[in-house]
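# Understanding the architecture of this molecule
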Amino acid sequence: MDDSRSSIDLRTPLGPLRLEQRKGFTDEAVSGGLGSFMERWCAARAEVSEEAEREDLESLRELFLGYARLDPAERAARVAQALPILERLPPAPASRPPKPQRRQRQVPVSPHVAQDLLRQPVTVLAGVADKRAELLGNLGIETVEDLLRHYPLRYEDRRTLSKVTELRHRQQAAVYGEIVGPGQSRRVRGRVITEVLLRDATGVIALTWFNQKWREEQFNPGEKVIASGTVKVFAGRATLQTPECERVSGEASLDLQRIVPIYPLTKGLYQPQLRRLIRAALQRFGRYVVDCLPAEVRAERGLPEAAEALAQVHFPDSFEQLELARKRLAFEELFLLQIELARSRTGIKRGPPGIAFDVPSGLLEEFTAALPFELTGAQRRVIREVQADLVKPEPANRLIHGEVGAGKTVVAAFAMFVAGRNGYQSAVMVPTEILAEQHHRVLSELLGPLGFEPVLLIGSLKGAEKRQQQERIARGEALVVVGTHALIQEAVSFQRLGVVVVDEQHRFGVLQRAELRQKGTNPDVFVMTATPIPRTLALTVYGDFDISQLDELPPGRQPCRTDILTMRQRPKAYEAVRAEVAAGRQAYIVCPLVEESDSLELQAATALAERLQQEVFPELRLALLHGRLTADQRSAVMEAFRSGQVDVLVSTTVVEVGVDVPNATLMLVENAERFGLSQLHQLRGRVRRGHHPARCLLLVGSRSEDAWERMKVLDRTEDGFEVAEEDLRLRGPGEFYGTRQHGLPDLKMADVIGDTAALIDARKLAFDLVEQDPDLAAPECRLLREAVERQIAGRAKLMDVT
């Protein structure tokens, strides 16, 4: 129990409330105000109360929130509501003579019992009734363990708080003091400036906000507050500009004179409350935290035990201790992830046998002889890696990644060719019907001369045609099938599926890939993406794949000049489009990305196309491409563009993949700041398919310095791998490639960029351990195995919900 609460009389406070009535509800019955007193009393009483009382205590606490700001009539109503609640509370346990304090004896418990204790709902903690539990639930906190793993966003060093008289202009400072009187606002040059005065032992400083008049009544006179912000000094008068403020009530040792954690919050929950809850959880349950890292692993790396790391990450004794705790928790996250990936990879290799395809001498030469172009060195290298996969009895699980136009499709075509020659079927799954149609056309050109005609299966096929294709697939007559999500529908069955190819695979989740794989009996799986994969993601999101990299473009591909333009330079961009068309080329114009709504994006594209045709390019032939067109409409638009009947293709982001028109040499992107760097790099890759110089114009509608810095990356380099690394650094892995859909955990503490060395160490250790002990059956690995299994089970539950 906090020291300040041990001095509070826990008997019913009817006396102070009745004194408040006699004084006419002037808030003078208790020093410091009745609201502050009742908050402390309710919190202290909750710590010694039974579960049944806590709901009443929570109701009482809420009745007195903001009491000092209420008028006498409202105060009278609140006190009248509180009296019957207080009268039905049982006698306080603290009314009995206190027992001498004894040191708590550590009683060893089994890991299973410890886990059960940690999985208890947060309502087992004093002061957490249903309403507060609901607030915590908004943060994803349902159990004691969730609360312990709710890590701070950042920290404030409050070991030495600034004194008002020592503040200097433009200093970043935190000041602890008392609110002096109500706030005041005034209007200056059209802006409302609100000031609240804060006094410490040395002087007074004004806390200043702009256009936030509500700040006048945010604090009560006499309240203790910590304010942090930038100091501005005008005419010898100091102010803190737009400061962050935090009330400090009751026992302040968690809020002052220390390194203080700042947590993610939700409306209705405050920093001091959350700190006290987490401290209470650590004191009561911290000793039950199970350490899943083997002692030898910790010792070799100088890492603390889990309980100590959690205590230090929440309430660090020093920044050195904090960094050591962070390293320990980050390593644990990375190690558990790598154990999971290693077991997944080993499970594929050790599982039921796959298909050992026969690849006789000369088959590769027969394939390459039928191609209408020469393979690059990178394509030959990756095809040899794929061939080695195909002849093994273990199912392949390979990621093929590289630049736009590096030639991934021909590598996949070789795998399909081998499967077909062995009497097996292949399935190619892609995210959009436009890309499916593109693959169907390209694979027909590559495999048709070798005797294999691909079949197209997409959702927009008419009923009779779709049934006919499904029947051909089921009978095994269709040896190469290209489709969208339609491939994983129950109505689709393969007679003998041997090879699965998933293109632009980051658009699919792990469950969708698994569903297609299950259409066969352990087929070989090859996944492809035209977004180069940074090394750190190759070790995490794709850690259970073998990885092939296509790092060479076919000869003759032109560089793409990239220009960044402001919206005022839009006429210049339109002149560039006219000039390109006048030279006999074609252009794309991509409308702004609208992430919130496909229908809004469609409306924006339609409006843009109409404006461009009527007002900007009445002399040119424009067409509109978007995802809501029927298959016949899309085919007509694309054929018209390929054949040169359309000069400018206005499109939504469906043009990002699957559109291959060598004569299109200019890409204009509206509001480019709304796109990710890798997405923009893919878009400009669409105009590097031919032998003419290419150009990409990025119209930027934001003045943000960050937006322009991002765009300059594309101006600086055409290397997709460099672009991807920078995109990952700027957006983080969650946005770059959403980890949840891949069935992988969100890393709360680890930073895949900053913790690369730890990631590599964790990966080697995990893969070596799983190679020696695939089932983690050794006694010293039991807790590690259980931690991984809990992680997988928890994520599966989350994926079911989402």
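Right above here is the structure, for reference.
Only a predicted model underlies this, so the values are computations on that prediction, with no experimental measurement involved.

## Structural notes on the pairing of strand 7 (residues 259-262)
Put simply, side chains in a regular strand alternate between the two faces of the sheet. Neither face of strand 7 is open: one carries Ile259 and Pro261, the other Val260 and Ile262, and all of them are buried. Direction of pairing for strand 1 (residues 154-157) relative to strand 7: antiparallel, over a ladder of 4 bridges. Following the sheet pairing, Arg154 is matched in strand 7 by Ile262.

## As for unusual backbone geometry
What you tend to see is this: most non-glycine residues have negative phi, and most peptide bonds are trans. Positive phi is not limited to glycine here, since Arg170 has a value of about 70 degrees. Its place among the elements puts Arg170 in the loop between strand 1 and strand 2 (172-188). The backbone of Leu776 shows a phi angle near 50 degrees, a positive value even though the residue is not glycine. One can find Leu776 in the loop between helix 26 (756-772) and helix 27 (782-801).

## Points about the sheet that holds strand 13 (residues 524-529)
Here we have 7 strands laid out as an open sheet, ordered 10-11-9-12-13-8-14, and parallel in their pairing. In the strand order of this sheet, the two ends are held by strand 10 (455-457) and strand 14 (546-550), each with one partner. Neighbour to neighbour, the strand axes of the sheet diverge by 20 degrees on average, direction disregarded. With 4 bridges joining them, strand 9 (residues 425-429) and strand 11 (residues 480-483) adopt parallel strand pairing. By the bridge assignment, Val428 is partnered in strand 11 with Val482.

## Re the packing of helix 2 (residues 14-22) against helix 3 (residues 34-46)
Interaxial distance between helix 2 and helix 3 falls to 12 Å at its minimum, and their mutual angle equals 165 degrees. It follows from the interaxial angle that helix 2 and helix 3 lie roughly antiparallel. The interaxial crossing formed by helix 2 with helix 3 has left-handed handedness. Contact with helix 2, carried on its side by Pro16, Leu17 and Glu20, involves Leu34, Phe37 and Met38 of helix 3 and no other residues of that element. Here the contact of helix 2 with helix 3 is built from residues that sort into 5 nonpolar, no polar and 1 charged.

## Describing the packing of aromatic side chains
Taken as a whole, this structure holds 8 aromatic pairs when the rule is applied. Taking the centre distance of 6.1 Å and the plane angle of 75 degrees together, the rings of Phe417 and Phe452 count as edge-to-face. Of this pair, Phe417 sits in helix 15 (residues 408-421) while Phe452 sits in the loop between helix 16 (433-447) and strand 10; the two residues are 35 residues apart in sequence, bridging distant segments of the chain. Like Phe417, the residue Phe452 is buried in the burial classification. Ring pairing ties together the aromatic residues Phe367, Phe414, Phe417 and Phe452, which thus form one cluster.

## Topic: helix 22 (residues 631-642)
Taking 1.5 Å per residue as the helical rise, helix 22 with its 12 residues ought to reach 16 Å, and the 16 Å between its terminal C-alpha atoms agrees with that figure. Looking only at helix 22, the buried set comprises Ala631, Arg634, Val637, Met638, Ala640 and Phe641. Of the surrounding elements, those touching the buried residues of helix 22 are helix 16, strand 16 (586-590), strand 17 (622-625), strand 18 (648-651) and strand 19 (664-669). Following helix 22 by one or two positions, Gly644 has its phi on the positive side, about 85 degrees.

## Things to note about the side chain of Gln338
Among the structural elements, Gln338 can be located in helix 12 (residues 319-350). Residue classification places Gln338 among the buried residues on the basis of a relative accessible area of 0%. Polar contacts involving the side chain of Gln338 include one to the side chain of Arg763, which spans 2.9 Å. Contact partners of Gln338, with chain neighbours within four places excluded, come to Leu539, Thr540, Leu759, Ala762, Arg763, Ala766 and Phe767.

## Some points on the nonpolar core
Counting 74 residues, the largest nonpolar core has Phe367, Leu390 and Leu447 as its most contacted members. No other element matches the 10 residues that helix 15 contributes to this core. The residues touching Phe367, leaving out its near neighbours within four places in the chain, are Val410, Ala413, Phe414, Phe417, Leu447 and Leu450. Leu254, Ile339, Ala766 and Ala787 belong to the second largest nonpolar core, which has 58 residues in total.

## As for the environment of Arg763
Within the secondary structure layout, Arg763 lies in helix 26. Looking at Arg763, the relative accessible area reads 15%, which means it is buried. The spatial distance from the C-alpha of Arg763 to the C-alpha of Leu539 is 7.7 Å, given a sequence separation of 224 residues. When neighbours within four sequence positions are excluded, Arg763 is seen to be in contact with Gln338, Arg345, Leu539 and Gly543. Within the structure, Arg763 has its side chain in polar contact with the backbone oxygen of Gly543 (distance 3.1 Å).

Rules used throughout
- Residues numbered from 1 in each chain as written.
- Predicted model: local features only at pLDDT ≥ 70, side-chain atom pairs only at ≥ 80, totals over all residues.
- Heavy atoms only, no water.
- Buried < 20%, exposed > 50% of the residue type's maximum accessible area, 1.4 Å probe, protein only.
- Helix = DSSP H or I, 4+ residues; strand = E, 2+ residues; numbered from the N terminus.
- Pairing = 2+ DSSP bridges.
- Axes fitted to C-alpha atoms, helices over the stretch in contact; angles between N-to-C directions.
- Parallel < 35°, antiparallel > 145°, perpendicular 65-115°, else oblique.
- Left-handed = near helix turned anticlockwise from the far one by under 90°.
- Contact = heavy atoms within 4.5 Å.
- Nonpolar A, V, L, I, M, F, W, Y, C, P; charged D, E, K, R; others polar.
- Phe/Tyr/Trp six-rings, centres within 6.5 Å; stacked < 30°, edge-to-face > 60°.
- Expected span 1.5 Å × (residues − 1).
- Polar contact = N/O pair within 3.5 Å; in protein donor to acceptor, adjacent residues only side chain to side chain.
- Core = buried A, V, L, I, M, F, W, Y, C linked by side-chain atoms within 4.5 Å.

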